[in-house]
Amino acid sequence: MSDALVQARGLRKSFGAVEAVRGIDVDVAPGEVFGFLGPNGAGKSSTMRMIACVSPRSAGTLSVLGMDPGVDGPRIRARIGVVPQLDNLDAELSVRENLEIYGRYFGLPRRHVKEKAAELLEFAQLTERAGDTVEELSGGMKRRLTIARSLVNDPELLLLDEPTTGLDPQARHLLWDRLYRLKREGVTQIVTTHYMDEAEQLCDRLVVMDGGVIAAEGSPAELIGRYSTREVLELRFDPEHRPTAEALERHAERVEELPDRFLLYTVDGERTHGDVVGAGFVPLSSLVRRSSLEDVFLRLTGRTLVD
Amino acid sequence: MAAPTVSVARSTGRAPTALGGVGRVVEHHWRWYRRNWRATAVSSILQPLLFLLAFGVGFGALVGSGPQAAAATGGTPYLVWLAPALLAMSAAQSAAFDSTYPILSGFKWQRIYLAMSAGPITGAQVGLGVLTWTGVKMFGSGAVYVVVIAIFGGVQGPGIVVSLLAALLTGLAVASLITAFAATVENEGNAFSALFRFVVIPMTLFSGTFFPVDRLPEWVQPVVWVSPLWHGTEVARGAALGTWRLLPTLGHLAVLVGLLVVGSVLVARLFTRRLAR
């Protein structure tokens, strides 16, 4: 893919003896929203920092916007936007000042920066708070401001490292809406998350990372089709009468045993439920749902994503 | 409400020149200063003012014009003799304060250095920009201090302007070294309190600010020679009183410039290393 905005081959990152990223291949096409999904410590953030041209790679090749981060770091960084995992706004400046001063780092004239700040305040629904210092903002507002700030240079590529971690559901939905608008505008985005619903909401294509390598790659629907079944039946039992996983296995394609419940992978959850009850098992509660990326992750790594 | 107009074809951002990058970092701090100058102005003027009152006026009256004092100051009134040295001392002190906790905050608490270097600014530009800003601020409060000293009658002639420049050079040399050190500090711990206790305070006491260093025992002298503040004080006082001699002055300036160069190189390297990992 010669027109890829980001292309990595055999990309590695080590910190002393610890290998955080152990040889990954990635291609991100213009206009797509690409996700890195995985638990804490999977190597997502290290990968993002290499793509953001702040962390030098340890081995492999990497090209961003057709340039080599090791050579053209500042020139690449001038054309991308970064939303870091931890907010790094200047808490003692006002909301508007944060946007204006950040634009100046990108060589933008004062006048341009002023107009852009007004536009971004509107976008982030912070116009009313423009004169307040950042200290006074809520967590969700700070996050929105960080995203607005990352757009000050009209980036060709936007990197979002866990954009909604720690936010309440309403704040998350507002952020997702903003990111969706940017996607419609054609801004290429790379997102890391350990939330499955976020990945399903936002990403056209994603890779599941675990232990510094890529465990699977595809669109959310493809991954679910490949690694899971259409439906999942969740069963909880009284500990006294808890059956073995083996006993349930003949009723489903696959059974996962979790500490508090069984997951039965099947095409038709209701029907499987009927079979299980018909065989004499009495669950305390049951739930039929669609397969999600969480199930893909469980299948690939044997672990749940967020405990 | 429309989404912002994002020109996907080509970003409007571009990487500034090396000097431009340093300038943007200074501009950021200036922006901050315009908002918060009252608090900083009060503390950066009040502290030297207290020193001036306590030592120049109070202690100066005690020293009076006895023969011992006259021998030490070369016959100059104590306040006039003290004033240029206080200028250098307050520059070194504010350099030490500005180069410790605020630097750690930029890396660790507020993390604004990380934000700067996520854009097209390099780590070295961040470090040198911070150092430049420290110098700008130091020069401003030094100039105000000169006026205050003049009001108290501590200024003998226009040489005090050269003293101000010497004080600035002294402060920058100190700031560059401490800023470089601060860039290696990962946690609040005891690093800074140890620095103040064992380096900054002894330096302010034994650099010839309040009494000539030849009054100290012989074995302490080598300790005085390594103090940047002593070199700065000699130049600042020599300029204000017109008592300087060429060769020693050049020697003092060479030491200060040398320290500033070493400090600046270290700042550039250590900021780069800390911001790129």
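Residues numbered from 1 in each chain as written. Chains lettered and ligands numbered in written order. Predicted model: local features only at pLDDT ≥ 70, side-chain atom pairs only at ≥ 80, totals over all residues.

Chemist: How would you summarise the overall build of chain B if you had to cite specific residues and measurements?
Modeler: Secondary structure assignment for chain B yields 11 helices and 0 strands. Listed N to C, the secondary structure of chain B is α-α-α-α-α-α-α-α-α-α-α in terms of helices and strands. Judged by the C-alpha coordinates and their principal axes, chain B covers about 80 × 40 × 35 Å. A burial count over chain B gives 47% of its 277 residues as buried. Of the contacts formed within chain B by residues at least 6 apart in sequence, a portion of 83% connects residues at least 24 apart. (Helix = DSSP H or I, 4+ residues; strand = E, 2+ residues; numbered from the N terminus. Buried ≥ 20, exposed ≤ 12 C-beta atoms within 10 Å, placed from the backbone. Contact = placed C-beta atoms within 7 Å.)

Chemist: Tell me what's going on with the nonpolar core, and back it up with residues and numbers.
Modeler: The biggest cluster of nonpolar side chains holds 146 residues, and the ones touching the most others in it are A:L159 and B:A88. For A:L159, the residues in contact, after removing those within four places along its chain, are A:M48, A:I51, A:A52, A:I80, A:G81, A:V82, A:V83 and A:I190. Grouped together as the second largest cluster of nonpolar side chains are 11 residues, A:V232, A:L248, A:F262 and A:Y265 included. (Core = buried A, V, L, I, M, F, W, Y, C linked by C-beta atoms within 7 Å.)

Chemist: How would you summarise the UniProt feature "transmembrane region" (unreviewed entry) in chain B if you had to cite specific residues and measurements?
Modeler: UniProt records the feature "transmembrane region" (unreviewed entry) for residues 45–66, 78–97, 112–131, 138–155, 161–182, 194–213 and 250–271 of chain B in the present numbering. When the span residues 112–131 of chain B is considered, its composition is 80% helix and 0% strand, and the gap between its end C-alpha atoms is 15 Å. (UniProt positions renumbered as here; feature names shortened; annotations may be inferred.)

Chemist: Kindly report on the interface of chain B and chain A, identifying the contributing residues and their values.
Modeler: Of the residues lining the interface, 34 residues belong to chain B; the matching set on chain A comes to 38 residues. Those elements that place two or more of their residues in the side of chain B that touches chain A are α1 (18–63) and α5 (112–118) of chain B. Ranked by the residues each element gives to the side of chain B that touches chain A, the list is headed by α1(B), at 7 residues. Class assignment of the residues belonging to the side of chain B that touches chain A gives a composition of 17 nonpolar, 10 polar and 7 charged. (Nonpolar A, V, L, I, M, F, W, Y, C, P; charged D, E, K, R; others polar.)

Chemist: Can you lay out the UniProt feature "domain: ABC transporter" (unreviewed entry) in chain A for me, pointing to particular residues and giving the numbers?
Modeler: According to UniProt, the positions carrying the feature "domain: ABC transporter" (unreviewed entry) are residues 6–236 of chain A. Here residues 6–236 of chain A is 37% helix and 28% strand, with 45 Å between the C-alpha atoms at its ends.

Chemist: How would you summarise the sheet that holds strand β9 (residues 213–218) of chain A if you had to cite specific residues and measurements?
Modeler: Residue and element names in this part refer to chain A. Taken in spatial order, the 6 strands make up an open sheet running β5-β6-β7-β3-β8-β9, and their pairing is mixed. Each edge of the open sheet carries a strand with a single partner, namely β5 (80–83) and β9. The mean angle between the axes of side-by-side strands here comes to 15 degrees, regardless of whether they run parallel or antiparallel. Here β5 pairs with strand β6 (residues 157–161) via 4 bridges, running parallel. (Pairing = 2+ DSSP bridges. Axes fitted to C-alpha atoms, helices over the stretch in contact; angles between N-to-C directions.)

Chemist: So what's going on with the packing of helix α7 (residues 159–182) of chain B against helix α10 (residues 228–241) of chain B? Residues and values would help.
Modeler: All names here are of chain B. Packing of α7 against α10 leaves a shortest axis separation of 7 Å and a crossing angle of 170 degrees. What the angle tells us is that α7 and α10 run roughly antiparallel. Each of G159, I160, V162, S163, A166, A167, L169, T170, A173 and V174 in α7 lies in contact with α10, whose residues at this interface are P228, L229, G232, V235, A236, A239 and A240. In terms of residue class, the contact of α7 with α10 is made up of 13 nonpolar, 4 polar and no charged. (Parallel < 35°, antiparallel > 145°, perpendicular 65-115°, else oblique.)

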